[in-house]
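Residue strings, one per chain:
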Amino acid sequence: MRISVAADERVGVARELVEELIRRGHETLPHGALAETERDDWAWASEAAARDVAQGRADQAIVCCWTGTGASIAANKVTGVRAALCADAETAKGARQWNDANVLALSLRSTSTAELQEILDAWFTGEPSAESDDQANITHLSAIEQSNRH
C-alpha cells in the first residue's frame, strides 16, 4: 500500500513512523519535515498528504503534529478525506470500521512507540463496515461535502 506521511517536526514517533511503515511493506510519500524540500508547517504538510489520498497518489495517509489536532483539521479540509485523530488502537479500529477513515492523525507529543505499533496494527487490519447504517453515515458525509460546495 502507498502511504503518504506528514509531520511538522522530526520528534516523537515521526522518526520511526516512516521506518515502521517501510518495515511493514508499505511505500511512503513523505511530506513536511520528513521531506527535504517542503514547508514543514502542520497545515501545509497535512494538506499535502491528504491531497495525495484525495487525488489517488496514495491509498491512505498518516499526518502528525504536536497534538495531532491541527494535522487532522487540515487534512479534513481536503474533499474526500476522512481524517481521524487516534490516541489508541480501539479508536483507530473504530475509525476504520465505522468512519471509513482514510487518514490517520497522530500526536507527536503523546504517542509512544508501543502505542504507535498498536494503533498501526488496528488501523491496517481494520476494514470499513458493510452495515447499511454505517454506509449511510459515510454517504451522508459525502453529501455534506457536496452541499458545502454550493
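Structure: see above.
Residues numbered from 1 in each chain as written. Predicted model: local features only at pLDDT ≥ 70, side-chain atom pairs only at ≥ 80, totals over all residues. Heavy atoms only, no water.

Observations regarding the nonpolar core
Counted only if it meets this: Nonpolar core, defined: a set of buried Ala, Val, Leu, Ile, Met, Phe, Trp, Tyr and Cys residues in which side-chain atoms within 4.5 Å join the residues together. Using a 1.4 Å probe on the protein chains alone, a residue whose accessible area is under 20% of its type maximum counts as buried, one over 50% counts as exposed, and one in between counts as partly exposed. Per the convention used, a helix needs a DSSP run of H or I reaching at least four residues, while a strand needs a run of E reaching at least two, with both numbered from the N terminus. Contact definition: two residues touch when any of their heavy atoms are within 4.5 Å.
Formed by 25 residues in total, the largest nonpolar core has its most connected members in L17, L21, I62, L104 and L120. Top element by residues in this core is helix α5 (residues 113-125). It accounts for six residues. When sequence neighbours within four positions are dropped, the list of residues in contact with L21 reads I3, V5, H26, T28, I62, L120 and F124. In this structure, A45, A49, V81 and A83 belong to the second largest nonpolar core, which totals 16 residues.

Overview of the packing of helix α4 (residues 89-99) against α5
Note the following rule: Axis lines are fitted through C-alpha atoms, for helices just across the contact stretch, and the angle between N-to-C directions can take any value from 0 to 180 degrees. An angle counts as roughly parallel when it lies under 35 degrees, as roughly antiparallel when it exceeds 145, as roughly perpendicular when it falls between 65 and 115, and as oblique in every other case. Handedness of a crossing follows from how the near helix is turned relative to the far one, being left-handed for an anticlockwise turn of less than a right angle and right-handed for a clockwise one.
The geometry of α4 relative to α5 is characterised by a closest axis approach of 8 Å and an angle of 20 degrees between their N-to-C directions. Relative to α5, the element α4 lies roughly parallel. The two elements α4 and α5 meet at a crossing, and its hand is right-handed. Contact residues: α4 offers A89, A92, K93, A95 and R96, while α5 offers E118, I119, A122 and W123.

Some points on the packing of helix α2 (residues 42-54) against helix α3 (residues 69-76)
Taken N-terminus to C-terminus, the directions of α2 and α3 make an angle of 50 degrees; their axes are 8 Å apart at the nearest point. It follows that α2 is oblique to α3 by the angle criterion. For the crossing formed where α2 meets α3, the hand is right-handed. Contact residues: W42, A43, S46 and A50 in α2; G70, A71, A74 and A75 in α3.

Interpretation in functional terms is not warranted from these geometric data alone.
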